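Chain residues, written in single-letter form:
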Amino acid sequence: MSGPGAREQMLGRLRAAAPADGGDVAQLQRRIDDYYAGRHAAQPLAPLDLVRSMQEAMSASHADVWLANGADWPRLLADKLAAKGVRRLLLDPASAEGAALAQALPDSVQPLAFNLPLEQWKAELFDSVGAGFTVARSGIAATGTLVLAPDRGTPRTVSLVPPLHVALVYASTLHRDLYAAAQAERWGEGMPSNLVLASGPSKTSDIQQTLAYGAHGPRWMWVVIVLDGELAGTAASLSLASQGGLQ
């Protein structure tokens, strides 16, 4: 069936199926709220539980994850970037985290700001930039997902184009699941228009289900979970244990 008649029939069915008011939607929302309230109450998670869950889930997705405190993470990343042979790092020097990392970098790693239109340095960006650094808006512990909010200083290109995506996420911003993230960040009242969810390096597979990394994005992902808030006092010991187990 095709043509104007088919289109009108389809639109008619959609109009007939549309709820007359928001009552059904509100009832569904209450049921969802009640379900997650009961689930969260039955299985409460402490801040450290969220960190461990985030770490394990991202590691399972082939990301390298480390724990560090607020003072140590710039040096941790700087040393690892130099050891990997990264020569040019894309970051936002106007952000506190970008400035801290740029200051910690050795002379062998050049920090670069995304301060030109993409068309003016596309070839350079794709050919010579070894890594991009972003700071996550938050994280979803159950699935090991970073919630990124690209902006002018750190556009989507920073986490998409370089072969290595380096991300920072604060423990205090971790949510136990997607529902908790949407509630805590009030997505229902105005979700940001450009949120990006990232759980690991880019991967794809052929018809024989052979995984290949880096075909549609970064080949590697490094994540540092900064232990702040309630966990700041235990950051040193946790960091050492984490770094010893994840290489």
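Per chain, the residues get numbers from 1 upward, laid out in the order the sequence is written. Local features are withheld for residues below a pLDDT of 70 in this predicted model, meaning they are given only at 70 or higher, and side-chain atom pairs are given and counted only at 80 or more; totals for whole chains, interfaces and linings count all residues. Hydrogens and waters are ignored; side-chain quantities use all the structure's heavy atoms.

Novice: When you look at the overall build of the chain in this model, what are you seeing that I'm missing?
Specialist: Numbering of helices and strands runs from the N terminus; a helix is a DSSP stretch of H or I covering at least four residues, while a strand is a stretch of E covering at least two. Of regular secondary structure, the chain possesses nine helices and twelve strands. Accessibility here uses a 1.4 Å probe with only protein chains present; expressed as a share of the type maximum, an area under 20% marks a residue as buried, one over 50% as exposed, and anything in between as partly exposed. Evaluated residue by residue, the chain yields a buried proportion of 40% over its 247 residues. When contacts within the chain are restricted to residue pairs at least 6 apart in sequence, those whose partners lie at least 24 apart make up 73%. Working definition of accessibility: Shrake-Rupley area with a 1.4 Å probe, residue cover restricted to the visible protein chains. Approximately 13700 Å² of the chain is accessible, and the part contributed by carbon and sulfur atoms is 53%. Any pair of residues with heavy atoms lying within 4.5 Å of one another is described as a contacting pair.

Novice: Please explain the sheet that holds strand β8 (residues 174-175) as it appears in this structure.
Specialist: Strand pairing in a sheet takes place through backbone hydrogen bonds and is either antiparallel or parallel in direction. The pairing criterion is simple: DSSP has to find at least two bridges between the two strands. What the four strands build is an open sheet, ordered β8-β5-β6-β9; its pairing is mixed. In the strand order of this sheet, the two ends are held by β8 and β9 (196-198), each with one partner. Relative to β8, strand β5 (residues 138-140) runs parallel, the two being bridged by two bridges. When the sheet's bridge partners are listed, I140 is paired in β8 with H175.

Novice: Explanation requested: the sheet that holds strand β12 (residues 220-226) in the structure shown.
Specialist: Taken in spatial order, the six strands of this open sheet run β1-β12-β7-β4-β2-β3, and their pairing is parallel. This sheet does not close on itself; its edge strands, each paired only once, are β1 (64-68) and β3 (110-113). Adjacent strand axes in the sheet meet at a mean angle of 25° when their direction is disregarded. Pairing analysis gives five bridges linking strand β4 (residues 131-135) to strand β7 (residues 164-170), with the strands arranged parallel. In this analysis, axes come from line fits to C-alpha atoms, helices being fitted only over the stretch in contact, and the angle between any two N-to-C directions falls in the range 0 to 180 degrees.

Novice: Any chance you could explain helix α5 (residues 96-104) here in plain terms?
Specialist: One turn of an α-helix holds 3.6 residues; hence residues three or four places apart share an orientation. Those residues of α5 that fall on the buried side of the exposure criterion are E97, G98, L101 and A104. Burial along α5 is one-sided: seen end-on, the buried residues are contained in an arc of 130°. Exposed residues pointing more than 90 degrees away from the buried face of α5 are listed as A96 and Q103. The elements touched by buried residues of α5 are α4 (73-84), β2 (88-91), β4 and β7. The arc in question is the one spanned by the directions pointing from the helix axis to the C-beta atoms.

Novice: Mind showing me how you'd approach the pairing of β3 here?
Specialist: For a regular strand, the rule is simple: side chains alternate between the two faces of the sheet. In terms of strand pairing, β2 meets β3 through four bridges, oriented parallel. Across the sheet, residue L91 finds its bridge partner in β3, namely A113.

Novice: When you look at the packing of α4 against α5 in this model, what are you seeing that I'm missing?
Specialist: Contact geometry for α4 and α5: axes closest at 8 Å, N-to-C directions at 55°. Regarding the angle of α4 to α5, the classification is oblique. Once α4 is placed against α5, the crossing between them reads as right-handed. Note on element contacts: α5 touches α4 through E97, A100, L101 and A104, opposite W73, P74, R75, L77 and A78. Here the contact of α4 with α5 is composed, by residue class, of seven nonpolar, no polar and two charged. The cut-offs work like this: below 35 degrees is roughly parallel, past 145 is roughly antiparallel, 65 to 115 is roughly perpendicular, and the gaps in between are oblique. The crossing is said to be left-handed when, going from far helix to near helix, the turn is anticlockwise and less than a right angle, and right-handed when the turn is clockwise. Amino acid classes used here: Ala, Val, Leu, Ile, Met, Phe, Trp, Tyr, Cys and Pro are nonpolar; Asp, Glu, Lys and Arg are charged; the rest, including Gly, are polar.

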